[in-house]
Amino acid sequence: MAHPPDAVRRRRELDLLRIFACLVQFPFHTAKVFDFDPAYHVKSAVASGAMDLFAAFAHVWRMPLFFFIAGFAAATALSSRRSFPFVVDRFVRLLPPFVVGLLLFAPAIKYLERLGGIDLRPSGLRPVEVPFTLDYVDFYYRFFTRLNQFTWSHLWFLAYLLLFSLIFTWAIRRIALAYDRWPGHGGWLVLPGLALAAAEVLLRPRFGDLPNLFGDFANLAIETVFFFMGAIVSRQPRIEAVLTVRPLLLLGLGLGSFGFYYLGEAAFGPWALGARGLAAWCLVLGLLGLGRRLTRRETAFDRYMGEASLPLYVLHHLPVVAIAFVLVPLDLPLWVKAAAICFGSAAVTFAAYHLVIRPYGPVRFLFGLKPRRHRPAPGMNVHSGVRTQSGGKVQSGSKVQAARE
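Residues numbered from 1 in each chain as written. Predicted model: local features only at pLDDT ≥ 70, side-chain atom pairs only at ≥ 80, totals over all residues. Heavy atoms only, no water.

Looking at an unreviewed UniProt entry, one finds the chain named Acyltransferase 3 domain-containing protein, with Zavarzinia compransoris as its source organism.

S.K.: Would you take a moment to explain the overall build of the chain for this structure?
M.R.: The number of helices and strands found in the chain is 15 helices and 5 strands. Looking at the chain as a whole, 50% of its 405 residues qualify as buried. (Helix = DSSP H or I, 4+ residues; strand = E, 2+ residues; numbered from the N terminus. Buried < 20%, exposed > 50% of the residue type's maximum accessible area, 1.4 Å probe, protein only.)

S.K.: How should the pattern of salt bridges be read in this particular structure?
M.R.: If the charged atoms of two oppositely charged side chains come close together, the side chains can form a pair. Throughout the structure, instances matching the rule amount to 17 salt bridges. A salt bridge links D89 to R81, with the nearest nitrogen and oxygen atoms 4.0 Å apart. Take R81: its relative accessible area is 30%, and that puts it in the partly exposed class. The structure contains a network of salt bridges with shared partners spanning K32, D35, D37 and K43. (Salt bridge = Lys/Arg side-chain N within 4 Å of Asp/Glu carboxyl O.)

S.K.: Got a minute to help me understand the side chain of E223 in this structure?
M.R.: Inspection of the secondary structure assignment puts E223 in helix α9 (residues 217–235). Buried charge without a salt bridge: E223, with R204 as the nearest opposite-charge side chain at an N-O distance of 6.3 Å. In contact with E223, other than residues within four places in its own chain, are M63, P64, F67, W156 and F164. (Lys, Arg positive; Asp, Glu negative; His and termini not counted. Contact = heavy atoms within 4.5 Å.)

S.K.: How should the packing of helix α1 (residues 12–34) against helix α2 (residues 49–78) be read in this particular structure?
M.R.: Two quantities define a packed helix pair, namely the angle between the helix axes and the distance between the axes. The N-to-C vectors of α1 and α2 enclose an angle of 150 degrees; their axes lie 9 Å apart at closest approach. The angle between the axes of α1 and α2 places the two elements in the roughly antiparallel class. Of the two possible hands of crossing, α1 and α2 adopt the one that is left-handed. The residue makeup of the contact of α1 with α2, split by class, is 20 nonpolar, 3 polar and 3 charged. (Axes fitted to C-alpha atoms, helices over the stretch in contact; angles between N-to-C directions. Parallel < 35°, antiparallel > 145°, perpendicular 65-115°, else oblique. Left-handed = near helix turned anticlockwise from the far one by under 90°. Nonpolar A, V, L, I, M, F, W, Y, C, P; charged D, E, K, R; others polar.)

In C-alpha cells, the structure reads:
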C-alpha cells in the first residue's frame, strides 16, 4: 500500500478501546479504596483480596493502553498534518482541561485525603504527625504554594501527554511518513515486550510507581515505549494483520504473565516485575487485535462516549474520592460500599458531563471538546449537498457536511 487509508476509514476499534478504558476508571479507582496498597487518597480499614487483584490487573494495562492509542492517533494525524499545527491542536485540546482539573478538582481530592488522615505527597506516602485542622480556603492557597501539599492526582496523564506531544512530535512525524516502509517481521512484537520487561526490572524498584514527573523515570520510560509503539503499529499494516489473527493468544500470554507477576512478586522480588512489563505489552496488543475483530457498526452510544471520554476522565476521580470519604467509615458491608462508590461516582460524573459540559460551548472548550455542531436541516441531503423537494425535483444548495453529536 503506497498511502495509508486513514482518510478513508475511521479507526473504530480505537474509539471502542478508549471508551472501554475510560469506563474501567470507575471500578479501578473504587478498587483502590479497598486494595492492599496504602498509597491512595481514601483507604478502607478493611481490605479485599479480590479488589487488590482487580486493581493490580487493571493498573498493568490501563494507562499503557491510553498511551498506545495516543501514539497511534498522533502518527495518524501527523501523516497528513505538519508538526506545528499538530502541537497547537494538542495544547488546545489538553491544556484547558488540565488547568481546570488542577483548579477545581485536584485541591478538593487532596483536602479530602488530608481530612481522612492520609498524606500522599509527590515524594510518596508520609506518616501523619499532627491532626489536620485547616479550612478549605486556607488549604486551597497552600495547595498551590507548597509542593508538599500539591497533587495532580489522575491529571498526570494529561501532563505527560502534553510533554510527549511537545518533545516527540518530530520523531512521530518521521514515523508517520514512513507508512509500510519497514519490514513487518515479528521483532516489532517481541522486542518492545523485552524492553518493557527490562525497564520494569531495572527502573521500577528504584523509582517506584508514583507519577510525579521529576523522579518518575520508570513510568516515563514505559509510557514512552507504548507511545512510540502505538505510532509504529499505526504505520505497519502487516503488524496489525498479525494482531487480528492472534488476539486471544496475546491476551492469554498477557494473563499468564500477569499471574506470574502477581503471585510471584513475593517469591522472586524485582525479577517478577519483568512479567509485569510483558503482561502490559501482550494485553495491549491483544486488546487492539480483539478490537479489530469485534468492531461493530457505530451506535449513538459510541458517538456519545467517543466525545465524552476526555471530560469523563477529568471529572470522574473527585466523585469517587468524595463518595468513598463519606461511605468508608460507615458500618456497611464492603461490597455495598464498593457498589455505591462505583455506580454513584459514575452517575454523578455522567450527569455533570451531560448537563453542565456537553451543551455549552465555552465549557466544552474548557474540557477539551470542539464546538457543538448542529444537525442538517430536514430535507437536506448531506452527501450530495442538494435539497430534495416533495415533487421529486432537485434544487442546488450549498454543500453540507455530516455533523456528529
